[in-house]
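# Structural description and commentary
One letter stands for each residue in the lines below.
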Amino acid sequence: MQAFSKAMFMPVLILPIAGLLIAVGNVLTNARLMEILPFLDNPVTKGFGTILSGALVAILNNLGLIFCIGLAKKKKAEAGFTALLAFLVFINAMNKFMGLRGMLVDADALRGSGQAVVLGIQILDMGVFLGIILGCVSAYVHNRFMLNSVSMKRLCTMHSRSMEVQDLYLLY
């Protein structure tokens, strides 16, 4: 449980910072505030506020992905990449499954349907819960099999000495 809470610390730490910066961006582009403080009504301030709030909204829109990464004990970069791949495969598989079953709603009727668009892919809206579950599963698989099993390490190596020779023969 301590490893889980440590892994959740960084995404939770990012949220208030991102929220404050989004609020600053929204304040700099607020039409009512520009009427009261006319010096804010210039292209530089408006542009900066639009970029600031628009860029950081990506953090809030992709919280599931952010929470998915970072639960492994060792080789965290490999585990994070595996978790990212698991997330991408899962959302694409969910989209295809829902499409085959005729469960996808039109983009206009998306609000209130229980579906959301994640990374441009329409899926069942599972929010942050999806990222946490996929992160836990991929970390468990990584910690259980990738670190402890010698055969799994051999299986996952890209090229050994003998394989390089075989690859050269295949090229010619």
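Quantities reported herein were computed from a predicted structural model and do not represent experimental measurements.

Rules and cut-offs
- Residues numbered from 1 in each chain as written.
- Predicted model: local features only at pLDDT ≥ 70, side-chain atom pairs only at ≥ 80, totals over all residues.
- Heavy atoms only, no water.
- Helix = DSSP H or I, 4+ residues; strand = E, 2+ residues; numbered from the N terminus.
- Buried < 20%, exposed > 50% of the residue type's maximum accessible area, 1.4 Å probe, protein only.
- Contact = heavy atoms within 4.5 Å.
- Areas by Shrake-Rupley, 256 points an atom, 1.4 Å probe, with all protein chains shown as cover.
- Pairing = 2+ DSSP bridges.
- Patch = residues over 30% accessible without salt bridge, like charges linked within 9 Å, V, L, I, M, F, W, Y side chains within 5 Å.
- Salt bridge = Lys/Arg side-chain N within 4 Å of Asp/Glu carboxyl O.
- pLDDT = per-residue confidence, 0-100.
- Core = buried A, V, L, I, M, F, W, Y, C linked by side-chain atoms within 4.5 Å.
- Axes fitted to C-alpha atoms, helices over the stretch in contact; angles between N-to-C directions.
- Parallel < 35°, antiparallel > 145°, perpendicular 65-115°, else oblique.
- Left-handed = near helix turned anticlockwise from the far one by under 90°.
- Nonpolar A, V, L, I, M, F, W, Y, C, P; charged D, E, K, R; others polar.

On a plain count of helices and strands, the chain comes out with 8 helices and 2 strands. The 172 residues of the chain split such that 27% are buried. Contacts in the chain between residues far apart in sequence, at least 24 positions, make up 59% of those at least 6 positions apart. When the accessible surface of the chain is split by element, carbon and sulfur atoms take 68% of a total near 12,100 Å².

Our focus in this paragraph is the pairing of strand S2 (residues 121-124). Taken together, the 4 bridges between strand S1 (residues 115-118) and S2 define a ladder with antiparallel strand orientation. When the sheet's bridge partners are listed, alanine 116 is paired in S2 with isoleucine 123.

Another point: unusual backbone geometry. The phi dihedral of leucine 119 falls on the positive side, at around 55°, and the residue is not glycine. Take leucine 119: it is sitting in the loop between S1 and S2. Take leucine 119: its relative accessible area is 39%, and that puts it in the partly exposed class.

The grouping of Phe90, Leu124, Met126, Phe129, Ile133, Val137, Tyr140, Val141 and Phe145 at the surface amounts to a nonpolar patch, some 820 Å² of accessible area in total. Broken down by element, the nonpolar patch gets its largest block of residues, 6 residues, from helix H6 (residues 127-146). Along the polypeptide, phenylalanine 90 turns up in helix H5 (residues 76-100).

The subject of this paragraph is the confidence of the model for the chain. Mean pLDDT over the chain stands at 81; residues scoring 70 or higher make up 82%. Confidence, expressed as mean pLDDT per element, reaches its minimum in the chain at helix H8 (residues 161-171) with 45 and its maximum at helix H2 (residues 31-36) with 91. Considering only residues more than four positions removed or in separate chains, one finds that residues 162-172, a stretch of pLDDT under 50, has 2 contacts.

Right, let's get into the nonpolar core. In terms of nonpolar packing, the biggest core is built from 12 residues, these being Leu65, Cys68, Ala83, Phe87, Ile91, Met94, Met98, Val118, Ile121, Ile123, Leu130 and Leu134. Looking at this core, the elements with two or more residues in it are helix H4 (63-68), H5, S2 and H6. The leading source of residues in this core is H5, at 5 residues. Not counting residues within four places of it along the chain, the set of residues in contact with isoleucine 91 comprises Val118, Leu119, Ile121, Ile123 and Leu130.

Let us look at the environment of methionine 103. Structurally, methionine 103 can be placed in the loop between H5 and S1. Separated by 21 residues in sequence, methionine 103 and leucine 124 place their C-alpha atoms 9.4 Å apart.

Turning to the side chain of threonine 45, a few remarks are in order. Checked against the element boundaries, threonine 45 lands in helix H3 (residues 43-61). On the basis of relative accessible area, threonine 45 is assigned to the buried category, the value being 16%. Once you skip the residues sitting within four places of it in the chain, threonine 45 turns out to touch Leu28, Phe39 and Leu40.

Turning to the pattern of salt bridges, a few remarks are in order. Counted by the stated rule, this structure contains 2 salt bridges. Taking the shortest distance from any N to any O, the salt bridge between arginine 32 and glutamate 35 comes out at 3.2 Å. In this pair, arginine 32 and glutamate 35 are both assigned in helix H2, 3 residues apart and thus about one turn of the helix distant. Grouping residues by exposure puts arginine 32 and glutamate 35 together as exposed. The residue lysine 46 makes a salt bridge to aspartate 41 at a minimum N-O spacing of 3.0 Å.

This part covers the packing of H5 against H6. Here H5 crosses H6 at 130°, and the two axes come no closer than 9 Å. In this view, H5 runs oblique relative to H6, as classed from their interaxial angle. For the element pair H5 and H6, the recorded crossing hand is right-handed. Facing H5, whose interface residues are Glu78, Ala79, Ala83, Ala86, Phe87, Phe90 and Ile91, H6 presents Leu130, Gly131, Leu134, Ser138 and His142. Per-class residue counts for the contact of H5 with H6 are 8 nonpolar, 3 polar and 1 charged.

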